[in-house]
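Structure at a glance
The primary structure of each chain is shown beneath.
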Amino acid sequence: PRPVAVCGLGHTGYRVALRLLELGQPVLALDFESSRLAQRLIERGVRVVFGDLRQPSLLATAGIGDAGALVACSEDDILNLEVLLRAREVNPNLRTVLRLFEEELGPRLQQAFGIDAVYSTSAIANPAFLSAVLNLNVAQSVLVDGGQYYLTRLVIGPDSILVGRSPAQLDAEEGVTVALHARQGVVSIPPEAHAALQVYDELVVLASQNQLRWLSRGQQN
């Protein structure tokens, strides 16, 4: 696969790079100056390039023309946007992902500059706060037809209202879709529609925020 360029090697960029490496994805790391986290990536064999990333010539020398995607995730919104635009001058087919702190700017910038994906800091943190409040493992929020849904993993506890129900019955509830069912190491994708759910079964569901509250009742700690 073509490498993914990660611009900005603070805590976010560093973790993105590590996750990509875990997935077997080649990484090209970019930053304006060396840092402790950048050195850690170098120790793992990642190619790291330092310099003024707003210069197309530096990006071209770094190899952005061979990259399949760019994640711009420094702590400076304007810098992220400028690097992304300069990188696309070098590689017009580059898939672009932009991190912003100002959430309201996201849709406007995405439309104005044709950016593939824009994420705000608050939107990224939202699933983590929901996880803590509802005692659920909320992995990702998804916008579907104007509605907000959440991809969630849950373990059925002894007092759960889900014990004895089936995935088909859950799917019949508005705002709930069961994507995965696991029991004693056996994973079913898609789940067996009429299997009766038992204590300690695991589910991965796509649910609305209101249904998350319902699903959290009896969640196993």
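Each remark here, short or long, concerns the structure printed above.
The sections below set out a description of the structure shown in this document. (Residues numbered from 1 in each chain as written. Predicted model: local features only at pLDDT ≥ 70, side-chain atom pairs only at ≥ 80, totals over all residues. Heavy atoms only, no water.)

1. Quick notes on unusual backbone geometry
A negative phi angle is the norm for most residues apart from glycine, just as the trans form is the norm for most peptide bonds. Heads up, the condition is: Comment: elements are numbered from the N terminus, with helices defined as DSSP H or I runs of at least four residues and strands as E runs of at least two.
Each neighbour pair has its own omega, and for isoleucine 189 with proline 190 the value is -5°, a cis peptide bond. Note that proline 190 resides in the loop between strand 10 (186-188) and strand 11 (202-208). One non-glycine residue, glutamine 184, lies in the positive phi region at around 50°. Positionally, glutamine 184 belongs in the loop between strand 9 (176-183) and strand 10.

2. Quick word on the pattern of salt bridges
Defined as follows: When a carboxyl oxygen of Asp or Glu lies within 4 Å of a side-chain nitrogen of Lys or Arg, that pair is called a salt bridge. Note on classification: 1.4 Å probe, protein chains only; a residue is buried when its accessible area is under 20% of the maximum for its type, exposed when over 50%, partly exposed between these limits.
Scanning the model with the defined rule gives 7 salt bridges in all. The closest approach of N and O atoms between aspartate 201 and arginine 183, which form a salt bridge, is 2.7 Å. Taken together, the residues aspartate 201 in the loop between strand 10 and strand 11 and arginine 183 in strand 9 connect sequence positions 18 residues apart. What makes aspartate 201 buried here is its relative accessible area of 1%.

3. Notes on the packing of helix 1 (residues 11-22) against helix 2 (residues 36-43)
Between two packed helices, what matters for the description is the angle formed by their axes and the separation of those axes. We apply this condition: Only the stretch in contact is used when a helix axis is fitted, and all axes are lines through C-alpha atoms; the angle between N-to-C directions ranges over 0 to 180 degrees. Just so you know how the angles are binned, under 35 degrees is roughly parallel, over 145 roughly antiparallel, 65 to 115 roughly perpendicular, and the rest oblique. Rotating anticlockwise by less than a right angle from the far helix to the near helix defines a left-handed crossing, while the corresponding clockwise rotation defines a right-handed one. Working rule for contacts: check all heavy atoms of both residues, and any pair within 4.5 Å makes them a contact. Polarity classes work like this: nonpolar for Ala, Val, Leu, Ile, Met, Phe, Trp, Tyr, Cys and Pro, charged for Asp, Glu, Lys and Arg, and polar for all others, with Gly in that last group.
The interhelical angle for the contact between helix 1 and helix 2, taken along N-to-C directions, is 15°, at an axis separation of 9 Å. It follows that helix 1 is roughly parallel to helix 2 by the angle criterion. Remark: the crossing between helix 1 and helix 2 carries left-handed chirality. Residues His11, Tyr14, Ala17 and Leu18 of helix 1 pack against Arg36, Leu37, Arg40 and Leu41 of helix 2. Within the contact of helix 1 with helix 2, the residues separate by chemical class into 5 nonpolar, 1 polar and 2 charged.

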